[in-house]
Amino acid sequence: MFENIKAAPADPILGLGEAFKAETRSPKVNLGIGVYKDAQGNTPIMKAVKEAESRLLAQESTKNYLGIDGVQEFNALTQELLFGADSEIIAQKRAKTVQSLGGTGALRIAAEFIKRQTKAQNVWISAPTWPNHNAIFNAVGMTIRDYRWYDAEKKALDWDNLIADLSNASEGDVVLLHGCCHNPTGIDPTPEQWQALADLSVKNGWLPLFDFAYQGLGNGLDEDAVGLRTFAKCHKELLVSSSYSKNFGLYNERVGAFTLVAENAEVAAVALTQVKTIIRTIYSNPASHGAATVATVLSDAKLRAEWDAELTEMRNRIKQMRGKFVELLKEFGAQQNFNFITEQNGMFSFSGLTAEQVDRLKDEFAIYAVRSGRINVAGITEDNIRYLCESIVKVL
Ligand code: LMR
């Protein structure tokens, strides 16, 4: 029965990680997958996380199942991070949150929910985007429509074409937006542009879905939520997928959340029952450890302050590496102007490197990046930056 199965292509991002592991040359540099590295090139466990974990280990008294929606306290704290602790949406109980298996798990719950419980056929996705967005919505049989995001010449947001494309989104269409730190471009709308998008969305009746995987890695926890909160103020309904992989460094614990905002508490409560049905038929209920860790940190003033400080340090290191990267490219003789890299937000930079140049970096210098030209700036360290910039200039 299985002999006719054709091999699937390697994942464009996770496949790179596997290839990098098997790489025997030295030096080698991995700027593929979006994982934070500190100045020493390690992906450490955050101190606040470690402390929360040891508290949990000491206090945990049962391994009984969680409810289908996961750790309740985690869900409530997630809403506060998203909308702000004083949000009316929270006070009015219009939001329902369920714990998910990372941001991808939340997106898949969102896609299943949209497919089964709404009339939406189309999902509008930025071009370019994180490749798994297309795969997830294809998997539930939705029609994917692209909207332009990136002006390759100006290395900036392609605002006019973005608006032109999204003007074709009809009432009830889903519009997927990256909450901050757009993946792969690192280019986000300004607060005024978010407001214009939110106005258009209300006017045209879209169902916004925010993919919010990098809160705190752009400009700050509240600053990064500007887009989502602008939409939340004027929309009756919206959906959010959040991830704690990056801002808590909890990659392999798979901690995320799916949040649904409805017009009122009653509608939200009914919709939640359908979300739970979806979860029950996929994985029944989630694992506790990662979400309990996040809840322990966020509910304790001292741990929360420690986490915030560590996150700030991560964000600042990435910004510093952006500046140094641009400076060194110049120093090694790059003719192009790479200053745009310092304007981008979050872990990623859309470097402008072509697929051929990325291939050459891998083949000739053991430097791994995504073929779209996306590089993970968080993977740049003092140790690899000179080798990296020198090699890049050689392939330009
Ligand atoms: C990335 O874009 O590198 C991350 O979101 C990791 C992933 O799952 O692709």
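Residues numbered from 1 in each chain as written. Predicted model: local features only at pLDDT ≥ 70, side-chain atom pairs only at ≥ 80, totals over all residues.

A. Main features of the overall build of the protein. Scanning the protein for helices and strands turns up 14 helices and 13 strands. For the protein, the proportion of contacts with a sequence separation of at least 24, taken over those separated by at least 6, is 74%. (Helix = DSSP H or I, 4+ residues; strand = E, 2+ residues; numbered from the N terminus. Contact = placed C-beta atoms within 7 Å.)

B. Quick look at the UniProt feature "coiled-coil region" (unreviewed entry) in the protein. Per the UniProt record, the feature "coiled-coil region" (unreviewed entry) sits at residues 304-331. Strand forms 0% of residues 304-331 and helix 100%; the C-alpha atoms that close the span are 40 Å apart. (UniProt positions renumbered as here; feature names shortened; annotations may be inferred.)

C. Representation of the packing of helix H2 (residues 47-59) against helix H12 (residues 301-331) within the structure. In the contact formed by H2 and H12, the axes pass within 8 Å of each other and the chain directions differ by 150°. By the criterion of interaxial angle, the relationship of H2 to H12 is roughly antiparallel. Contacts between H2 and H12 involve Lys47, Ala48, Glu51 and Ala52 on the former and, on the latter, Leu303, Glu306, Trp307 and Glu310. Each residue belonging to the contact of H2 with H12 can be placed in one class, and the counts come to four nonpolar, no polar and four charged. (Axes fitted to C-alpha atoms, helices over the stretch in contact; angles between N-to-C directions. Parallel < 35°, antiparallel > 145°, perpendicular 65-115°, else oblique. Nonpolar A, V, L, I, M, F, W, Y, C, P; charged D, E, K, R; others polar.)

D. Geometry of the UniProt feature "domain: Aminotransferase class I/classII large" (unreviewed entry) in the protein. Residues given the UniProt feature "domain: Aminotransferase class I/classII large" (unreviewed entry) here are residues 27-392. Across residues 27-392, helical content stands at 45% and strand content at 16%; the span's end C-alpha atoms are separated by 14 Å.

E. Summary view of the sheet that holds strand E7 (residues 174-178). Read across the sheet, seven strands follow the order E2-E10-E9-E8-E7-E3-E4 without closing on themselves; strand pairing throughout is mixed. Edge positions in the sheet fall to strand E2 (95-101) and strand E4 (143-148), since each has one partner strand and no second. For this sheet, the mean inter-axis angle between neighbouring strands, taken without regard to orientation, is 25°. As paired strands, strand E3 (residues 122-127) and E7 are joined by two bridges and run parallel to one another. Counterpart to Trp124 in the pairing with E7 is Val175. (Pairing = 2+ DSSP bridges.)

F. Expanded view of the pairing of E2. Among the seven residues in E2, seven count as buried, and that is most of the element. Alternating residues of E2 divide into Ala95, Thr97, Gln99 and Leu101 and Lys96, Val98 and Ser100, and every residue in both groups is buried. Pairing between E2 and strand E10 (residues 255-261): seven bridges, direction antiparallel. Following the sheet pairing, Gln99 is matched in E10 by Ala257. (Buried ≥ 20, exposed ≤ 12 C-beta atoms within 10 Å, placed from the backbone.)

G. Region of interest: the site of the ligand. The environment of the ligand is made up of Ile13, Ile33, Gly34, Trp130 and Asn183. Looking at the shell around the ligand residue by residue, the class counts come to three nonpolar, two polar and no charged. (Near = placed C-beta within 6 Å.)

H. View of the nonpolar core. Judged by nonpolar contacts, the single largest core of 105 residues is most densely connected at Ala110, Trp124, Val294, Met347, Ala369 and Val377. In terms of residues, this core owes the most to one element, H12, which gives eight residues. Two domains share this core, each providing at least three of its residues, namely domain 1 (14-45 + 313-395) and domain 2 (50-302). When residues no more than four places from it in sequence are discounted, the contact partners of Ala369 are Leu31, Gly32, Leu353, Val358, Leu361, Arg374 and Ile375. (Core = buried A, V, L, I, M, F, W, Y, C linked by C-beta atoms within 7 Å. Domains from an automatic or database assignment.)

I. Quick look at the environment of Ala111. Among the secondary structure elements, Ala111 is positioned in helix H5 (residues 102-117). In this structure the C-alpha to C-alpha distance between Ala111 and Met142, which are 31 residues apart in sequence, comes to 8.5 Å. Apart from residues lying up to four places away in sequence, Ala111 is in contact with Ile136, Phe137, Val140 and Met142.

J. Region of the structure containing helix H3 (residues 72-83). Between the first and last C-alpha of H3 there are 17 Å, a value that for twelve residues agrees with the 16 Å anticipated at 1.5 Å per step. Where H3 is concerned, the buried positions are Phe74, Asn75, Leu77, Thr78, Gln79, Leu81, Leu82 and Phe83. Note on H3: the residue one or two positions beyond its end, Gly84, has a positive phi of about 95°. (Expected span 1.5 Å × (residues − 1).)

K. Looking closely at the domain arrangement of the protein. Assigned domains of the protein: these are domain 1 (14-45 + 313-395) and domain 2 (50-302). Taking only C-alpha atoms, the centre of domain 1 and the centre of domain 2 are 28 Å apart. Contacts between the two partners involve 19 residues from domain 1 and, on the opposite side, 20 residues from domain 2. Those elements that provide at least two residues to the side of domain 1 that touches domain 2 are H12 and strand E11 (348-350).

L. Seen up close, the pairing of strand E9 (residues 238-243). Counting buried positions over the six residues of E9 gives six, a clear majority of the element. The side-chain alternation of E9 yields two buried faces, one formed by Leu238, Val240 and Ser242 and the other by Leu239, Ser241 and Ser243. Both strand E8 (residues 207-212) and E9 contribute to a ladder of four bridges, which runs parallel. Residue pairing for E9: Asp211 is matched across the bridge by Ser241. Assessed by its sense of winding, the connection that carries the chain from E8 through helix H9 (residues 226-234) to E9 is right-handed. (Right-handed = clockwise from strand over helix to strand, strands pointing away.)

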